[in-house]
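Read off the chains here:
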Amino acid sequence: MVKPFNKKTSFDKIKHLFTNEMTIMYGGFGGIGTPPGLIDVILDSGAENLHLIGNDTGFPDIGIGKIVCAGRAKSIITSHIGSNPVAGQLMTEGKLDIEFSPQGILAERIRAGGVGIPAILSDIGTENSFIANHKPKVKLENTEYLIETALTADISIVYAKQADPYGNLIYDKSARNTNPLVAMAGEITIAEVEEIVPVGKLHPDQIVTPGVFVDYIVVSEGVNWKWVWE
Amino acid sequence: MVKPFNKKTSFDKIKHLFTNEMTIMYGGFGGIGTPPGLIDVILDSGAENLHLIGNDTGFPDIGIGKIVCAGRAKSIITSHIGSNPVAGQLMTEGKLDIEFSPQGILAERIRAGGVGIPAILSDIGTENSFIANHKPKVKLENTEYLIETALTADISIVYAKQADPYGNLIYDKSARNTNPLVAMAGEITIAEVEEIVPVGKLHPDQIVTPGVFVDYIVVSEGVNWKWVWE
Amino acid sequence: MGLGIDHRNKMAKRAAAEITNGMIVNLGIGIPSLVPNHLPDEIQVIFHAENGITGIGPSPEIGTEDANLCNAGGLPVTLKEGGSYCDSTIAFGMIRRGLLDMTILGALQVNEEGDLANWIVPGKKVPGMGGAIELAQKSKKVVVLMNHTDKNGKSKIAAKCSLPLTSPKCVNLIITDLAVIEVTEQGLLLKEVFSPYSIEDVIHSTDCQLTIAENVIWHEE
Amino acid sequence: MGLGIDHRNKMAKRAAAEITNGMIVNLGIGIPSLVPNHLPDEIQVIFHAENGITGIGPSPEIGTEDANLCNAGGLPVTLKEGGSYCDSTIAFGMIRRGLLDMTILGALQVNEEGDLANWIVPGKKVPGMGGAIELAQKSKKVVVLMNHTDKNGKSKIAAKCSLPLTSPKCVNLIITDLAVIEVTEQGLLLKEVFSPYSIEDVIHSTDCQLTIAENVIWHEE
């Protein structure tokens, strides 16, 4: 946790943070809400053999999909790769190790990491061998539950609508999705935002991510997602 | 879950919901944010042998303290009773069964109940025999964790600043505290609010509790908490 | 052989008829997304999306889309008055808490016990389960909209699913291009048939035992 | 024998000196709540409260209190510009996640290993642990502010705590009306003494071994 009271920086200045073999967690859902500028910074950084954690693999040219398609990822914990055929191809070729997690449980595992809970118990997919087989289990009052462990990352990247210099964040509509959870779960959290407003401008009841969870803020050059899921 | 699209009702009309032996969960922290009108309705209802769940036992004349002092509670799961000497006295006399839970873990257990997670693992108080002794435990990578089970209630009562007729809620400053968590964890959730505004008046990004978690809304006649903790 | 838009809308319209006033409903991608077009105006319903929307409205006019307002399938949507946004944990909290009255989704296979397979074709296609397990396992009613047969003419309704299951014993109603079939304790009950197909067509296209309802409803085109 | 306001402020002032720029700090009820009054203006610090406040400001002027803005002790506070509100799970998330640089709290007993007892006096007083376990167990630095002895003159610093522990091996620094004592791997290290007390007074009032620092600092009144 880096703690200046002005967390604004530039894409260039944070490029060195991304290094080989690190774990990167990204906000976003179907590419929407995945910080496009930070994805490009990761590509530029040259970092490879990355361990990724996030809702899905985006599209080949949108969201985390660009990292996956560039062959920079070694593993990913995710819930869905259907919109990025390259992810499936790399998996089939043995070049990308994918752990599938039910979507809501994945979100809870990220949140658990963010709030310092070691794991949650889950009754989701207990009868699905792909989900349940390699997970520790525990019996509670005659029902067996899966132990779904918390997830954290070396760096979390998120997209938000507005930040103040302290790193307080608010999100826009459904681009919120997994971003507030991912924001809490990084050792270092970087927020790409549409706008930085002066301290005091964000209403304290409306702040979704308190700035103590955020280390760096960069201003976005615009988003690149569009509507091409199907 | 009752689902009319206009959830506004009156204190009188919901009084019958409170019955003997039921589990009631209440929002609030040190009395602040515990719905005063709904506490009075519970008193009026005559319901007794209640099982309570909430952050603390308030003050003798504020918050859940009034229920406790009237001898209506049979048990309570809480983190602190220091501001209500009657709670301690009833406990000593064997008239009130108290389960102490670390404060943040209690909040997470309520949230877990609210979002349908059976339990969380915890490393809080593992070495504190009062916390750990009667709890199930599980070992994960050589560390033993407590299994802290989810909490739900027959009825949850919360205090909010504004509601719309759909039951969407926003909270005011630190009176938010445990209210959004409690709001999710009731089979029936009743919100006492300062004001009901027309549908569409609350900004959809700013709504903290989506109305699907709320069954009834009543307009408060004013709060009664003050600053007397010490 | 894909399904023409007419078949798709026929199925969506039939699914829409399952929705009653005040319900909270999640719609999967594909045919289920057409369901709102067939809802009568007097039905008030809350459409829910896993990415954090409660109260989805109609599709936006072309040119008025908001890049930050999409459903879980990534398609632009609008928000109804009274709707709200939340993060994914709260959206799935609603699902696991049992607040969803209905989920309408696609499937690769369904069997006579209501087992659902819709997330993987081993060795071929591995999209991942997304939120389907939670939706299938926790919604009060699960309605499947799918072709009756696959592109090779093989029945997608089978005695046992050959594909890995998403969730066992979760499907309540199957709506296909041929028929409407209920999953009951006693197995599959054929209740409705879409013209021009006959009861015999449905039986012929189904890879397991079907009980025929006393009064099969006939949907004319 | 209670502590006079001077003693209380002396202790709070010493605790304030532990706070450096940019820290996130949680203050317990009682003497710790006086700490902000002794912070130099140039120190920027974020005060955190378990009930969901990040960035507590000074106490409000009498008559301007807001009933809905209180700290975890139930006392009216204000919010600094840039502060925010959250629910209790997020407030404790900050604690468990290790974001708190320091927690300053009261105690009933502390022992030479830094074990903390501050939540129950069996058979007498059972306030409950509140958030103390989490704060003690997870904050980067735990500073205890307490009387050196109890009302019977018995040392509150002991070889072993006789009261049930809140959390073992968590206290880093003990500030009393007599002295400042650091908990080290080698046991308790007496570093500072408050006038008019002497090193011997402190040793005499302490129920376990104390190592005396090479240069004990003397705080004049």
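(A) Structural detail: the overall build of chain A. Helix and strand content of chain A: 7 helices and 11 strands. For 230 residues, the compact-globule formula gives about 17 Å, and the C-alpha radius of gyration of chain A, at 17 Å, lands near that figure. On the principal axes, the C-alpha backbone points of chain A span a range of 55 × 40 × 35 Å. Between the averaged position of the 19 positive side-chain charges in chain A and that of its 27 negative side-chain charges there is a distance of 3 Å.

(B) Representation of the overall build of chain C. A tally of regular secondary structure across chain C gives 4 helices and 13 strands. In terms of C-alpha radius of gyration, chain C reaches 17 Å, essentially the compact-globule figure of 17 Å for 221 residues. The dimensions of chain C, computed from C-alpha atoms along their principal axes, are 45 × 40 × 30 Å. Within chain C, residue pairs in contact and separated by at least 24 positions form 58% of the contacts whose partners lie at least 6 positions apart. Of the roughly 9,100 Å² of accessible surface on chain C, a fraction of 50% belongs to carbon and sulfur atoms. For chain C, the centre of its 18 positive side-chain charges and the centre of its 26 negative side-chain charges are spaced 6 Å apart.

(C) Looking closely at the pattern of salt bridges. All names here are of chain C. This structure, assessed with the given rule, holds 36 salt bridges over all chains. Of the charged contacts in the structure, one is a salt bridge between Arg14 and Glu18, with a shortest N-O distance of 2.9 Å. The class of Glu18 is buried, set by a relative accessible area of 15%. A salt bridge links Glu134 to Arg96; its shortest N-O distance comes to 3.7 Å. With a gap of 38 residues between them, Glu134 in helix H3 (residues 132–138) and Arg96 in helix H2 (residues 88–96) connect regions that are remote in the sequence. Side by side, Glu134 and Arg96 carry an identical accessibility label, which is buried.

(D) Representation of the interface of chain B and chain C in the model. Taken residue by residue, the interface counts 25 residues in chain B and 22 residues in chain C. Of the roughly 1,900 Å² buried where chain B meets chain C, counting both sides, 61% is carbon and sulfur surface. Counting the contacts that link chain B with chain C gives 1 salt bridge. In this structure, C:Arg97 and B:Glu187 form a salt bridge, with 3.6 Å as the shortest nitrogen-oxygen distance.

(E) Fine view of the confidence of the model for chain C. Residues at a pLDDT of 70 or more form 97% of chain C, whose mean pLDDT is 94. Across the whole predicted complex the pTM is 0.97, and at the interface the ipTM reaches 0.96.

(F) Focus on the interface of chain A and chain C. At the junction of the two partners, chain A supplies 39 residues and chain C supplies 39 residues. Carbon and sulfur atoms supply 62% of the area that chain A and chain C bury against each other, a total of about 3,300 Å² over both sides. Our enumeration of links across chain A and chain C arrives at 3 salt bridges. With a closest N to O distance of 3.4 Å, A:Glu108 and C:Arg96 form a salt bridge. Inspection of the region where chain A meets chain C yields 23 residue pairs in polar contact (both at pLDDT 80 or more). Secondary-structure elements contributing two or more residues to the side of chain A that touches chain C are helix H5 (103–114), helix H6 (129–132) and helix H7 (179–184) of chain A. Ranked by the residues each element gives to the side of chain A that touches chain C, the list is headed by H5(A), at 6 residues. Of the residues assigned to the side of chain A that touches chain C, the class counts are 18 nonpolar, 11 polar and 10 charged.

(G) Just the environment of C:Leu165, in detail. Within the element layout of this structure, C:Leu165 appears in the loop between strand E9 (157–158) and strand E10 (173–175). Each C-alpha atom of the pair C:Leu165 and C:Val121 lies 10 Å from the other, and the pair is 44 residues apart in sequence. Ignoring any residue separated from it by four or fewer positions in sequence, one finds C:Leu165 in contact with A:Asn128, C:Asp115, C:Leu116, C:Ala117 and C:Trp119.

(H) Focus on the packing of aromatic side chains. A complete count under the given rule lists 8 aromatic pairs over all chains for this structure. Between A:Phe130 and C:Trp119, the ring centres sit 5.1 Å apart and the planes meet at 90 degrees, which makes this aromatic pair edge-to-face. Here A:Phe130, found in helix H6, pairs with C:Trp119, found in the loop between strand E7 (116–117) and H3, and the two come from separate chains. Here B:Tyr159 and B:Trp225 contribute two aromatic rings whose centre-to-centre distance is 5.2 Å and whose plane-to-plane angle is 85 degrees, an arrangement assigned as edge-to-face. Placement of B:Tyr159 in strand E8 (residues 153–163) and of B:Trp225 in the segment after strand E11 (216–219) is noted, with a sequence separation of 66 residues between them. Considered together, B:Tyr159 and B:Trp225 belong to a single accessibility category, that of buried residues. In this structure an aromatic cluster arises from ring pairing among A:Phe100, A:Phe130 and C:Trp119.

(I) Structural view of the nonpolar core. One finds A:Phe18, A:Leu52, A:Ile190, B:Phe18 and B:Leu52 to be the most contacted residues of the largest nonpolar core, which totals 120 residues. What A:Leu52 contacts, discounting residues up to four positions off in sequence, is A:Ile24, A:Tyr26, A:Ile64, A:Ile67, A:Val68, A:Ala73, A:Ser75, A:Ile76 and A:Ile77.

(J) Expanded view of helix H4 (residues 85–92) of chain B. Residues and elements named next belong to chain B. Taken as a whole, H4 has its buried residues at Ala87, Gly88 and Leu90. Down the axis of H4, the buried side of the element spans an arc of 165 degrees, and every buried residue falls inside it. Of the residues in H4, the exposed ones pointing more than 90 degrees away from the buried face are Pro85 and Thr92. Those residues of H4 that are buried are in contact with helix H3 (65–69) and strand E4 (97–100). In the segment just after H4, Gly94 is the residue with positive phi, at about 75 degrees.

(K) Expanded view of the sheet that holds strand E6 (residues 109–111) of chain D. Residue and element names in this part refer to chain D. One open sheet accounts for 3 strands, arranged E7-E6-E9; its pairing is mixed. Of all the strands in the sheet, just strand E7 (116–117) and strand E9 (157–158) have a single pairing partner and so form its edges. Where E6 meets E9, 2 bridges bridge the pair, whose relative direction is parallel. Bridging across to E9, Val110 finds its partner in Ile157.

Cut-offs used in this document
- Residues numbered from 1 in each chain as written.
- Chains lettered and ligands numbered in written order.
- Predicted model: local features only at pLDDT ≥ 70, side-chain atom pairs only at ≥ 80, totals over all residues.
- Heavy atoms only, no water.
- Helix = DSSP H or I, 4+ residues; strand = E, 2+ residues; numbered from the N terminus.
- Rg over C-alpha atoms; globule rule 2.2 N^0.38 Å.
- Lys, Arg positive; Asp, Glu negative; His and termini not counted.
- Charge placed at Lys NZ, Arg CZ, Asp CG, Glu CD.
- Contact = heavy atoms within 4.5 Å.
- Areas by Shrake-Rupley, 256 points an atom, 1.4 Å probe, with all protein chains shown as cover.
- Salt bridge = Lys/Arg side-chain N within 4 Å of Asp/Glu carboxyl O.
- Buried < 20%, exposed > 50% of the residue type's maximum accessible area, 1.4 Å probe, protein only.
- Buried area = accessible area lost by both parts, 1.4 Å probe.
- pLDDT = per-residue confidence, 0-100.
- Polar contact = N/O pair within 3.5 Å; in protein donor to acceptor, adjacent residues only side chain to side chain.
- Nonpolar A, V, L, I, M, F, W, Y, C, P; charged D, E, K, R; others polar.
- Phe/Tyr/Trp six-rings, centres within 6.5 Å; stacked < 30°, edge-to-face > 60°.
- Core = buried A, V, L, I, M, F, W, Y, C linked by side-chain atoms within 4.5 Å.
- Arc of directions from axis to C-beta.
- Pairing = 2+ DSSP bridges.

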